[in-house]
Amino acid sequence: MRTSYDVTIIGAGLAGLQCARLLAQNGLNVLLVDRKNTLDQKIHTTGIFVRRTLVDFDIPNDCLGELIKHVSLYSPALRPLELVSRHDEFRIGRMGQLYQRYLQQCLHAGVHWLPQTSYLSHSEANGNLKLRLSSGSLTRSITTRYLIGADGARSRVARDLKLEQNSEWIVGVESVLHGAVLDGPPRLLCFLDPKLAPGYIAWIAYDGEETHLGVGGYPSLFDPIPALQNFRSRVAGIIDLRNAKQIESRAGFIPVGGVLKNIANATGLLIGDAAGAVSPLTAGGLDPCMRLSAFAARVVTDYLSTGDAQTLRSYSGELFRSRFASRLWARRIAATVRQPQLLELGCAMLRLPVFSRLANHVFFGRGSFPDVPADIDSRKPAPLPDWTC
Ligand SMILES: Cc1cc2nc3c(=O)[nH]c(=O)nc-3n(C[C@H](O)[C@H](O)[C@H](O)COP(=O)(O)OP(=O)(O)OC[C@H]3O[C@@H](n4cnc5c(N)ncnc54)[C@H](O)[C@@H]3O)c2cc1C
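Now for a description of the structure that goes with this document.

### With respect to the pattern of salt bridges
Inference 1: Within this structure, the stated rule accounts for 14 salt bridges.
Inference 2: Of the charged contacts in the structure, one is a salt bridge between Arg159 and Asp160, with a shortest N-O distance of 3.1 Å.
Inference 3: One salt-bridge network, held together by shared partners, links Arg52, Asp56, Asp287 and Arg291.

### Structural notes on the packing of aromatic side chains
The geometry of an aromatic ring pair comes down to the distance between the two centres and the angle between the two planes.
Inference 1: Overall, the coordinates contain seven aromatic pairs when judged by the stated rule.
Inference 2: Ring geometry for Tyr146 against Tyr303: centres 5.5 Å apart, planes inclined by 65°, an arrangement best described as edge-to-face. Taken together, the positions of Tyr146 in strand S11 (residues 138-149) and Tyr303 in helix H6 (residues 286-306) put the pair 157 residues apart, joining distant regions of the chain.
Inference 3: On the basis of relative accessibility, which here comes to 12%, the residue Tyr303 falls in the buried class.
Inference 4: Look at Tyr200 and Trp203: their rings are 6.1 Å apart centre to centre, the planes differ by 70°, and that puts the pair in the edge-to-face class. Neither Tyr200 nor Trp203 differs from the other in exposure class; each is buried.
Inference 5: Among the aromatic residues, ring-to-ring pairing joins Tyr74, Phe191 and Phe231 into one connected group.
Inference 6: The ring centre of Tyr5 lies 5.5 Å from the NZ or CZ of Arg2, which sits over that ring.
Inference 7: The ring of Phe253 carries the charged tip of Arg154 above its face, separated from the ring centre by 3.9 Å.

### Looking at the site of the ligand
Inference 1: Neighbouring residues of the ligand: 31 residues in total, closest Asp34, His44, Thr45, Ile48 and Asp273.
Inference 2: His44 has a polar side-chain atom sitting 2.6 Å from an oxygen atom of the ligand.
Inference 3: A distance of 3.3 Å is found between an oxygen atom of the ligand and a backbone nitrogen or oxygen belonging to Gly47.
Inference 4: Taken together, the elements giving at least two residues each to the shell around the ligand come down to helix H1 (14-25), strand S9 (118-125), strand S16 (245-255) and H6.

### Concerning the sheet that holds strand S4 (residues 64-68)
Inference 1: Read from one edge to the other, the open sheet built from three strands follows the order S3-S7-S4, with strand pairing classed as antiparallel. Either end of the sheet is taken by a strand with one partner, and the two such strands are strand S3 (48-50) and S4. Each neighbouring strand pair of the sheet contributes to a mean axis angle of 25°, computed without reference to strand direction.

### Details of the nonpolar core
Inference 1: Judged by nonpolar contacts, the single largest core of 72 residues is most densely connected at Ile9, Leu23, Ile148 and Tyr315.
Inference 2: Ranked by the residues each element gives to this core, the list is headed by H6, at eleven residues.
Inference 3: In terms of nonpolar packing, the next biggest core, distinct from the first, is built from 28 residues, Leu73, Ile170, Leu188 and Ala359 among them.

### Observations concerning the packing of H1 against helix H3 (residues 95-109)
Inference 1: The interhelical angle for the contact between H1 and H3, taken along N-to-C directions, is 20°, at an axis separation of 8 Å. Our classification of the angle between H1 and H3 gives roughly parallel. Where H1 crosses over H3, the two elements pack in a sense that is left-handed. Contacts between H1 and H3 pair Leu14, Leu17, Ala20, Arg21, Ala24 and Gln25 from the former with Leu98, Tyr99, Tyr102, Leu103, Gln105, Cys106 and Ala109 from the latter.

### Looking at the state of the cysteines
Inference 1: Counted according to the given criterion, the structure contains zero disulfides.
Inference 2: Its sulfur unpaired, Cys19 is 9.5 Å from the next cysteine sulfur, which belongs to Cys106.
Inference 3: Free of any disulfide, Cys347 has its nearest cysteine sulfur in Cys190, 11 Å distant.

### Looking at H6
Inference 1: For H6, which comprises 21 residues, the first-to-last C-alpha distance of 31 Å matches the rise-based estimate of 30 Å (1.5 Å per residue) to within 8%.
Inference 2: Most of H6 sits inside the fold, with 16 of its 21 residues counted as buried.
Inference 3: Of the residues flanking the end of H6, it is Gly307, one or two places downstream, whose phi is positive at about 70°.

### Describing the side chain of Ser85
Inference 1: With respect to the helices, strands and loops of the structure, Ser85 is situated in the loop between strand S6 (80-84) and strand S7 (90-93).
Inference 2: With relative accessibility at 9%, the residue Ser85 sits in the buried group.

### Concerning the pairing of S9
Inference 1: Of the pairings in the sheet, the one linking S9 to strand S10 (residues 128-135) comprises seven bridges and is antiparallel in character. Bridged to Ser121 within S10 is Arg132.

### Comments concerning the environment of Arg21
Inference 1: With respect to the element layout, Arg21 can be found in helix H1.
Inference 2: Relative accessible area serves as the criterion here: at 16%, Arg21 is assigned to the buried category.
Inference 3: When the C-alpha atoms of Arg21 and Glu124 are compared, they prove to be 26 Å apart, with 103 residues separating the residues in sequence.
Inference 4: Dropping the residues within four chain positions of it, Arg21 is found in contact with Gln105, Cys106, Ala109 and Val111.

Scoring rules and cut-offs
- Residues numbered from 1 in each chain as written.
- Predicted model: local features only at pLDDT ≥ 70, side-chain atom pairs only at ≥ 80, totals over all residues.
- Heavy atoms only, no water.
- Salt bridge = Lys/Arg side-chain N within 4 Å of Asp/Glu carboxyl O.
- Phe/Tyr/Trp six-rings, centres within 6.5 Å; stacked < 30°, edge-to-face > 60°.
- Helix = DSSP H or I, 4+ residues; strand = E, 2+ residues; numbered from the N terminus.
- Buried < 20%, exposed > 50% of the residue type's maximum accessible area, 1.4 Å probe, protein only.
- Lys NZ or Arg CZ within 6 Å of the ring centre and 35° of its normal.
- Near = heavy atom within 4 Å.
- Polar contact = N/O pair within 3.5 Å; in protein donor to acceptor, adjacent residues only side chain to side chain.
- Pairing = 2+ DSSP bridges.
- Axes fitted to C-alpha atoms, helices over the stretch in contact; angles between N-to-C directions.
- Core = buried A, V, L, I, M, F, W, Y, C linked by side-chain atoms within 4.5 Å.
- Parallel < 35°, antiparallel > 145°, perpendicular 65-115°, else oblique.
- Left-handed = near helix turned anticlockwise from the far one by under 90°.
- Contact = heavy atoms within 4.5 Å.
- Disulfide = S-S within 2.5 Å.
- Expected span 1.5 Å × (residues − 1).

What follows is the structure, encoded as structure tokens:
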């Protein structure tokens, strides 16, 4: 194994895999490191991809479940509001399979893959970075010109690079089931209940084959495992789980403070959850993973080929944060509502035509992580692209 790379990426979730492949395709020597042994273990996502991602990125069809266009939004008293989109809006990724597929594409592009290896620390030496990595009892050093933190919500790389770190999270836990029975078409069921899921939702994502049953909320306000059990019994009249078999359980921290401002410097940058690139309202992070990683790959390629640090100025969370202003406000409101009666009233209002448009916008709107125009010149100091969607 070689010991010197252009770029080292810590973390082989969706963000790290996408970025590694693109950098290698740009001709760079890339090392991808993850502490997991195989990528289908300990998955941190339900895997619901939104229409915009499915349209803009090439996600292999056989790694996706059936198309979903129906959403049922339940009030705390379990009164449903049915929303149907004109479009096919969502598909649930078969995430273990998808990560493995993306890893194959990385290897094919020339990425060096180091599984079961943890990033420990780094130091600077002769203009390069020296990384300490540990695989079991073995500690090894490698040198790299640039370091990318794709190591999730509580990023060690962010801390070591002295970049900004996430400070607001919700936690999500879910069971993945086979054999659940739900009448009607594939759909997402979202349950607003400040006791069961304080500050977020409980959910059932059902695509006719896989069912994901989960709860999310602020960790200081609930205990997720009992909440998940409680949720399972609460929905017994809605979904038949008597013959359902749990095939996996998933959990993770979800940063909801909005994309961080300071996410790049001359030694490294952050992508995915490490950069806080998650919608503060819906907690959707898969689309931001794809978009921000593609942008990072362009910026890093430019930076390493020119050595011009100005290149990195366009990779600033400040550019993206303005796009999230309304969602950050909505997050503040979601974080403070504790009374079920208030949410019940809110849900009743969503039945009024003017507010039902809002519900449709939240679930079916095409606003996600901003696109960075292809013609953005990353050498100019921080231009502000015109995002209007
Ligand atoms: C329960 C749950 C459900 C969700 N559902 C959805 C959804 O349906 N749709 C959606 O859009 N978003 C969803 N999200 C958010 C979305 O999944 C995340 O934003 C996204 O998966 C983040 O990807 P990532 O690559 O940045 O991080 P991760 O997928 O967390 O990957 C980080 C990787 O870094 C590795 N790592 C960490 N530290 C080290 C280290 N020191 N050394 C080596 N390796 C390290 C980890 O092993 C891991 O593989 C959900 C999140 C959760 C927790």
